[in-house]
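The chain contents come next:
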Amino acid sequence: MFKLKLPTDPRWANIAEGNIGEILTDHAWCEQKATTNAISLINMLPEYPEIVTELIAIAQEELDHFSQVHEIIKKRGFVFGKARKDDYVNELAKFVVQGRREDLIVDKLLFAAMIEARSCERFKVLTENIKDEELKTFYKELMISEANHYTTFIGFARQLGDIEKVNKRWEEWLEYEASIIKSYGNKETIHG
């Protein structure tokens, strides 16, 4: 569905499962950042009320995911750690074009779509490879949600930009993401 060029090695799930407290804390912060990103897109697109309405729903859903992960952290007796940077997302951000507002908006939407695509793929790997039944179910539900967010963001990019240019740019995003994801998949973080 996403055409990701380099799939996650299923052994990453073993790394994640080996330190569930760490992966949950990282995941919670990812959801918080996804909420912030949706709000940031709202600020960029006030002249599109239908898109703003969808982005509000995404922001609320991401905040709900943050709350759900936070509850799991508390329930399991883990400590919710400090915010941490996401090197993968920071590297992706370097690929966002600067310049004309229209191009920036499309690229910010593709940036969001890429993060959702990889997160969905990682949740699928967790669902298929961890032994923890509660988390298997939880990540399967989130996988579906992330796929919907990916579809929404890429759909908005195609709505606001020239479809051929957007599709070409998405291919460039896929190539770029493949070039950086090679360095990840060996830490107890959602994208790490």
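My aim in this report is to walk through the structure given alongside it, one point at a time. These numbers come from a predicted model, not from an experiment. (Residues numbered from 1 in each chain as written. Predicted model: local features only at pLDDT ≥ 70, side-chain atom pairs only at ≥ 80, totals over all residues. Heavy atoms only, no water.)

### Considering the side chain of threonine 35
Then comes step 1: By secondary structure assignment, the location of threonine 35 is in helix α2 (residues 20–44).
Then comes step 2: Judged by its relative accessible area of 9%, threonine 35 falls in the buried class.
Then comes step 3: Here leucine 63 takes part through its backbone nitrogen, which lies 3.1 Å from a polar atom of the side chain of threonine 35.
Then comes step 4: Each residue touching threonine 35, except ones within four places of it in the same chain, is listed here: Ala59, Glu62 and Leu63. (Helix = DSSP H or I, 4+ residues; strand = E, 2+ residues; numbered from the N terminus. Buried < 20%, exposed > 50% of the residue type's maximum accessible area, 1.4 Å probe, protein only. Polar contact = N/O pair within 3.5 Å; in protein donor to acceptor, adjacent residues only side chain to side chain. Contact = heavy atoms within 4.5 Å.)

### Side note on the layout of surface pockets
Then comes step 1: Computed from the structure, the largest pocket encloses a volume of approximately 360 Å³.
Then comes step 2: Around the largest pocket sit 23 residues that line it, and Cys30, Lys33, Ala34, Val89 and Ile115 are the ones nearest its centre.
Then comes step 3: Contributing elements (two or more residues each) for the lining of the largest pocket: α2, α4 (87–93), α5 (101–129) and α6 (133–160).
Then comes step 4: With eight residues, the single largest contributor to the lining of the largest pocket is α2. (1 Å grid on protein atoms, 1.4 Å probe; cavity = no way out; pocket = protein on both sides within 12 Å on 5 of 7 lines; lining within 4 Å. Points joined across faces, edges and corners; volume = space filled by probe spheres on them.)

### A short note on the pattern of salt bridges
Then comes step 1: For the coordinates displayed, the defined rule picks out 17 salt bridges.
Then comes step 2: Here glutamate 171 ties to lysine 5 by a salt bridge, and the two come within 3.7 Å at their closest N and O atoms. In this pair, glutamate 171 sits in helix α7 (residues 163–181) while lysine 5 sits in the segment before α1 (12–17), placing the two residues 166 residues apart along the sequence.
Then comes step 3: Using a relative accessible area of 38% as the deciding quantity, one classes lysine 5 as partly exposed.
Then comes step 4: For the salt bridge of lysine 75 with glutamate 134, the shortest nitrogen-to-oxygen distance reads 2.5 Å. You can see lysine 75 sitting in helix α3 (residues 49–75) and its partner glutamate 134 sitting in helix α6, a full 59 residues away along the chain.
Then comes step 5: For glutamate 134, a relative accessible area of 34% puts it in the partly exposed group.
Then comes step 6: Residues participating in the shared-partner salt-bridge network are Lys75, Arg76, Asp132 and Glu134. (Salt bridge = Lys/Arg side-chain N within 4 Å of Asp/Glu carboxyl O.)

Purely geometric numbers; function is a separate question.
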